[in-house]
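# Structural overview
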Amino acid sequence: MKRNMLSIIIMALLIVNIALTAIMMFSMIGTNKKTAKLIDGISTALSLEVQDGTSAEVEASGEEVSIEDITVYKIEDQMTIGLAKGADGQTHYCLVSVSLSLNTKDADYEKLQPKLADNEDMIKDKIFQIIGSHPIEEAESDQDGLRQEILEALQEMYGSKFIYNIIFRDIMFS
C-alpha cells in the first residue's frame, strides 16, 4: 500500500513538474523574442548589419568600379541633422559623417573633382534635406535607401556620375 501511495505522489509531482516546465518555456519564448528585437535595433543603430558585398550603387549602375579607380573625398564636419517627426511625435536627430567615393576613370572627374571643396556647403545642404525629410524609424531601417537618394541628388546636381558611392563613416540616431 505504501508503494502505491508513493508511486501516486511521484506521478503527481512529475505531472506538476512537466506543467511548470511548459509554462516556463512559453514565458521564455516571449522574452527571447523581445531580446532579439532589441539586439536587432542596437545593431541597426550601430550599423553592424552584415551585408552581402553588393552595394546600392553597383545594383543601380550595373557596373563595378575597380578599387584602383576609386578615391574618397571626406567631408570633415560631423553633421547633426534634425529628422522629421515620426510616429511618436517627438523631435529626433541624426549625427552623421559622410564621405564620397569618386570614380577617377569617369570623363568628368578631372573637371568636377576640384569643385567638391568649393561646393561642400551645397553638398551638406543636400544631405541635410534628404536625411532630414525622413522620420527616425525610416532613416534607421533604410540607410541604403538614404545613401541611394543622396547619391542620385548629388549626381543630378553635378550632372555626372563621377560620384560613385556615399559612405556613412559614423551614423547615430537619437
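Fair warning: this is a prediction, and the values are worked out from it, not measured in the lab. (Residues numbered from 1 in each chain as written. Predicted model: local features only at pLDDT ≥ 70, side-chain atom pairs only at ≥ 80, totals over all residues. Heavy atoms only, no water.)

### Section: the overall build of the protein
In terms of regular secondary structure, the protein is built from 7 helices and 4 strands. In sequence order, the secondary structure elements of the protein are arranged as α-α-β-β-β-α-α-α-α-α-β. Across the 174 residues of the protein, 31% fall into the buried class. Surface exposure of the protein reaches about 11600 Å², of which carbon and sulfur atoms provide 58%. (Helix = DSSP H or I, 4+ residues; strand = E, 2+ residues; numbered from the N terminus. Buried < 20%, exposed > 50% of the residue type's maximum accessible area, 1.4 Å probe, protein only. Areas by Shrake-Rupley, 256 points an atom, 1.4 Å probe, with all protein chains shown as cover.)

### A closer look at the pattern of salt bridges
A full pass over the atoms with the stated rule returns 3 salt bridges. The partner of D77 in a salt bridge is K124, with the nearest N and O atoms 2.3 Å apart. Of this pair, D77 sits in the loop between β1 (70-74) and β2 (79-82) while K124 sits in helix α5 (residues 120-132); the two residues are 47 residues apart in sequence, bridging distant segments of the chain. D77 sits in the partly exposed class, given a relative accessible area of 39%. Where E120 meets K124, a salt bridge forms, and the shortest distance between an N and an O atom there is 3.7 Å. (Salt bridge = Lys/Arg side-chain N within 4 Å of Asp/Glu carboxyl O.)

### Side note on α5
With 13 residues, α5 extends 18 Å between its outermost C-alpha atoms, agreeing within 8% with the 18 Å of an ideal straight helix rising 1.5 Å per residue. Looking only at α5, the buried set comprises E120, I123, K124, I127, I130, I131 and G132. Tucked inside the fold, the buried residues of α5 contact β1, β2, β3 (93-103), α4 (115-118), α7 (143-158) and β4 (163-173). (Expected span 1.5 Å × (residues − 1). Contact = heavy atoms within 4.5 Å.)

### A word on α7
For α7, which comprises 16 residues, the first-to-last C-alpha distance of 23 Å matches the rise-based estimate of 22 Å (1.5 Å per residue) to within 8%. Every buried residue of α7 is listed here: Q143, L146, R147, Q148, I150, L151, A153, L154, Q155 and Y158. A positive phi of about 65° marks G159, the residue just after α7.

### So, the packing of aromatic side chains
Given two aromatic rings, one states the distance between the centres and the angle between the planes to describe the pair. Scanning all chains against the criterion turns up 1 aromatic pair. Measuring from centroid to centroid gives 5.6 Å for Y158 and F162, while their planes differ by 90°, and the two rings are edge-to-face. With a relative accessible area of 0%, F162 lands in the buried category. (Phe/Tyr/Trp six-rings, centres within 6.5 Å; stacked < 30°, edge-to-face > 60°.)

### What to know about the nonpolar core
Counting 31 residues, the largest nonpolar core has L100, I131 and I163 as the members making the most contacts within it. Elements with a contribution of two residues or more to this core: β2, β3, α3 (109-112), α5, α6 (136-141), α7 and β4. The leading source of residues in this core is α7, at 6 residues. (Core = buried A, V, L, I, M, F, W, Y, C linked by side-chain atoms within 4.5 Å.)

Everything listed is a geometric property; what it means functionally is a separate question.
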